[in-house]
Amino acid sequence: MSRPITAIIKTSSLESNLDIIRSHAPNKKIWSVVKANAYGHRLHAVWKGLKKTDGFALLNLHEAIFLRKNGWKGAILLLEGFFNPKELTIIAYYNLTITIHSKWQIQAIKRATLKFPLNIYVKFNSGMNRFGFNEKIILNVLEELNSLKQISTLALMTHFSDSNNIEKIKEQMKKINNVIQYFPCTQCYANSSAILWHPKTHGTWIRPGIILYGASPNGNWKDISRNGFQPVMTLQSKLIAIQKISAQEYIGYKGTYKTEKKRRIGIIACGYADGYPRNAPTGTPVWIHNTKSRILGKVCMDTITIDLQHCPYAKIGSNVELWGKNIKVDEIATLSGTLSYELLSKLSQKIKMKIQ
Ligand SMILES: *Cc1c(COP(=O)(O)O)cnc(C)c1O
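Residues numbered from 1 in each chain as written. Predicted model: local features only at pLDDT ≥ 70, side-chain atom pairs only at ≥ 80, totals over all residues. Heavy atoms only, no water.

## Structural notes on the overall build of the protein
Let me state the cut-off plainly: Each helix is a run of DSSP H or I of at least 4 residues and each strand a run of E of at least 2, with the numbering of both proceeding from the N terminus. Each residue is assigned to one of three classes by its accessible area relative to the maximum for its type, calculated with a 1.4 Å probe on protein chains only: buried under 20%, partly exposed between the two thresholds, exposed over 50%. The contact rule is simple, with two residues in contact once any of their heavy atoms fall within 4.5 Å. All accessibility values rest on the Shrake-Rupley procedure with a 1.4 Å probe; residue burial counts only the protein chains present in the view. Positive charge is attributed to Lys and Arg, negative charge to Asp and Glu, and no charge count is given to His or to the chain ends. The atom standing in for a charge is NZ when the residue is Lys, CZ when it is Arg, CG when it is Asp and CD when it is Glu.
Helix and strand counts for the protein come out as twelve helices and 18 strands. Over its C-alpha atoms, taken along the principal directions, the protein stretches across nearly 80 × 45 × 35 Å. Going through the 356 residues of the protein one by one, you find that 54% of them count as buried. Within the protein, contacts between residues at least 6 apart in sequence are counted, and of these 63% link residues at least 24 apart. Surface exposure of the protein reaches about 16500 Å², of which carbon and sulfur atoms provide 51%. Between the mean site of the 49 positive side-chain charges and the mean site of the 22 negative ones, the protein shows a separation of 4 Å.

## Section: the pairing of strand β6 (residues 118–123)
Stated formally: Two strands are said to pair when DSSP picks up at least two bridges between them. With strands facing away from the observer, any crossover in which the path from the first strand over the helix to the second runs clockwise is taken as right-handed.
Burial analysis of β6 places six of its six residues in the buried class, which makes it a mostly covered element. Of the two faces of β6, both are covered, the one formed by Leu118, Ile120 and Val122 as well as the one formed by Asn119, Tyr121 and Lys123. Direction of pairing for strand β5 (residues 97–100) relative to β6: parallel, over a ladder of four bridges. Looking at the pairing, Ile98 lines up with Ile120 of β6. Two elements, β6 and strand β7 (residues 151–157), share six bridges in a ladder whose sense is parallel. If you follow Ile120 over to β7, its bridge partner there is Leu154. With helix α7 (residues 138–146) bridging β6 and the parallel β7, this β-α-β connection has right-handed handedness.

## Points about the site of the ligand
For clarity, the threshold we go by: We call a residue near a molecule or strand as soon as one heavy atom of that residue lies within 4 Å of the molecule or strand. Polar contact criterion, stated in full: a pair of N or O atoms within 3.5 Å, where within protein one must be able to donate a hydrogen and the other to accept it, and residues adjacent in sequence count only if both atoms are side-chain atoms.
Taken together, the neighbourhood of the ligand is formed by Val33, Lys35, Tyr39, Leu79, His159, Asn191, Ser192, Arg207, Pro208, Gly209, Ile210 and Tyr341. The side chain of His159 places a nitrogen or oxygen atom 3.5 Å from a nitrogen atom of the ligand. A distance of 2.8 Å separates an oxygen atom of the ligand from a polar backbone atom of Ile210. Within the complex, the protein chains bury 92% of what would otherwise be the 390 Å² of accessible surface of the ligand.

## Details of the state of the cysteines
Applicable threshold: Note on terminology: disulfide denotes any pair of cysteine sulfur atoms within 2.5 Å.
Applying the stated criterion across every chain, the model contains zero disulfides. Sulfur of Cys311: no disulfide; nearest cysteine sulfur belongs to Cys270 and is 17 Å away.

## As for the nonpolar core
Basically, it comes down to this: As used in this record, nonpolar core signifies buried Ala, Val, Leu, Ile, Met, Phe, Trp, Tyr and Cys residues forming a set joined through side-chain atoms within 4.5 Å.
In terms of nonpolar packing, the biggest core is built from 112 residues, with Ile120, Leu156, Tyr276 and Trp323 touching the most fellow members. The contact partners of Trp323, leaving out residues within four places of it in the chain, are Met233, Thr234, Leu235, Gly275, Tyr276, Pro277, Lys328, Val329, Ile332, Leu343, Leu344 and Leu347. Ile251, Tyr257, Ile265 and Leu296 belong to the second-largest nonpolar core, a separate cluster that totals five residues.

## A closer look at helix α6 (residues 103–111)
Selection rule: The directions considered for the arc are those from the helix axis to the C-beta atoms.
Residues of α6 that are buried include every one of Gln105, Ile106, Ala108 and Ile109, and no others. Each buried residue of α6 lies within a common arc of 160° when the element is viewed along its axis, so the set occupies one face. Away from the buried face of α6 by more than 90 degrees, exposed residues Lys103 and Arg111 are located. Here the buried face of α6 lies against α5 (87–93), β5, β6, α7 and β7.

## Description of the packing of aromatic side chains
How we decide: Two rings belonging to Phe, Tyr or Trp (six-membered ring only in the last case) form a pair when the distance between their centres is within 6.5 Å. Interplanar angles under 30 degrees mark stacking, angles over 60 mark edge-to-face geometry, and anything in between is tilted. When the NZ atom of lysine or the CZ atom of arginine is within 6 Å of a ring's centre and also within 35 degrees of its normal, the charge is said to sit over that ring.
Applying the stated criterion across every chain, the model contains eight aromatic pairs. With a centroid separation of 4.2 Å and 25° between ring planes, the pair formed by Trp31 and Trp205 is classed as stacked. One end of the pair, Trp31, is in strand β2 (residues 29–33); the other, Trp205, is in strand β9 (residues 205–206), with 174 residues separating them in the sequence. Take Trp31 and Trp205: they sit in the same class, and that class is buried. Relative to Tyr94, the ring of Tyr93 lies with its centre 4.9 Å away and its plane at 85°, an arrangement referred to as edge-to-face. Through a chain of ring-to-ring contacts, the aromatic side chains of Trp31, Tyr121 and Trp205 assemble into a single cluster. Sitting over the face of the ring of Tyr272, Arg278 holds its NZ or CZ atom 5.9 Å from the ring centroid.

## Some remarks on empty space enclosed by the protein
The line we're drawing: The pocket and cavity definitions rest on a 1 Å grid over protein atoms only: a 1.4 Å probe that fits but cannot leave marks a cavity, an open set with protein on both sides within 12 Å along at least five of seven lines marks a pocket, and residues lining either have an atom within 4 Å of a point. Grid points are joined across faces, edges and corners, and a volume is the space filled by probe spheres set on the points. Amino acids outside the nonpolar list (Ala, Val, Leu, Ile, Met, Phe, Trp, Tyr, Cys, Pro) and the charged list (Asp, Glu, Lys, Arg) are all regarded as polar, and Gly is one of them.
What the rule picks out here adds up to two cavities of 30 Å³ or more. Empty space within the largest cavity amounts to approximately 70 Å³. In terms of lining residues, the largest cavity is bounded by 13 residues, among which Tyr213, Pro231, Met233, Trp323 and Val329 are the most central. Here the lining of the largest cavity is built from residues that sort into nine nonpolar, three polar and one charged. Of the residues in the lining of the second largest cavity, the class split is three nonpolar, four polar and two charged.

## With respect to the pattern of salt bridges
Rules: The term salt bridge refers to a pairing of a side-chain nitrogen on Lys or Arg with a carboxyl oxygen on Asp or Glu at a separation within 4 Å.
For the structure shown, the criterion picks out eleven salt bridges. A salt bridge links Arg22 to Asp54; its shortest N-O distance comes to 3.2 Å. Taken together, the residues span a long stretch of sequence, with Arg22 in helix α1 (residues 11–24) and Asp54 in the loop between α3 (43–46) and β3 (55–58) at a distance of 32 residues. Taking the relative accessible area as the measure of exposure, Asp54 reaches 24% and is therefore partly exposed.

## Things to note about the side chain of Asn17
Its location among the elements puts Asn17 in helix α1. With near-sequence residues (within four places) excluded, Asn17 lies in contact with Ile211, Leu212, Tyr213, Gly214, Phe229, Gln230 and Val232.

As structure tokens, this is what we get:
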């Protein structure tokens, strides 16, 4: 038998999360962001649960082609556009929408001979300072692209650098509105937190990522659970060993946890090589036999040690939830000094995935 670690993907949660997003932005079109292999949930495992979306936004051409070959006829957005001018023929053939963020891409489009015209999202650098054309040149870029025969539709796109900060959003929206005033077009700006908390940013299309998967954009689960979002992934494994340890013993590497009295402990088949955060401290919760237990000592490469003090029924083979419905990935992320984005997207791709 193979190692018992599994990620379970709950399709009904994807569907209901998407419905909740739609209710927050009625009449808007939705790009479901499935980059980083659907935030670690894997594109093949999630896309059917998101069929009611208007489009999928991702990074790799082969993933876009995967969707087309599996029958997806709706929109597809390549968030970083193309990486090589040779890709333009394929992009046009599959009717993909592409982000344009750099001058070299415009030159490449001008030189291209294409059978079908392109749908373009022009990236406006309104303050994130990562991709795009700044406020001095954006209008010229839009006018120039608008005149090209290789292009059929144009949209303005930007990304918020701190969408939990209303002042920063207002600053960026002001720059955006200055552009739209002179060049009215399709607009696409809002990520998860802007969708939930800043309705003025919604534009024409919204771009939810993390909330589709039932985790919070600000790391605080309560902020999204009150809207009814449900975690999509349950990461579970099993106890593969149990030890009885005397008092005053040290557990695991560096002996960071010392037993104050006799303890029964369990070893779970899951470690940082699987994507569980190595920084998770003693006390980080896990769920076993309908109770919360906690990690003792350091997370190892392939194992985690937990306290079985209050789990009399725990035995070898018992299921343990590392995160999911009972233990929120947001909580594990916070305790480990990171965000659910990182934990989910870094989950090892070796782990078995079950679609439910
Ligand atoms: C990742 C990403 C999103 C989604 O962000 P969330 O915070 O996960 O909603 C939206 N737009 C762009 C450009 C992105 O890279």
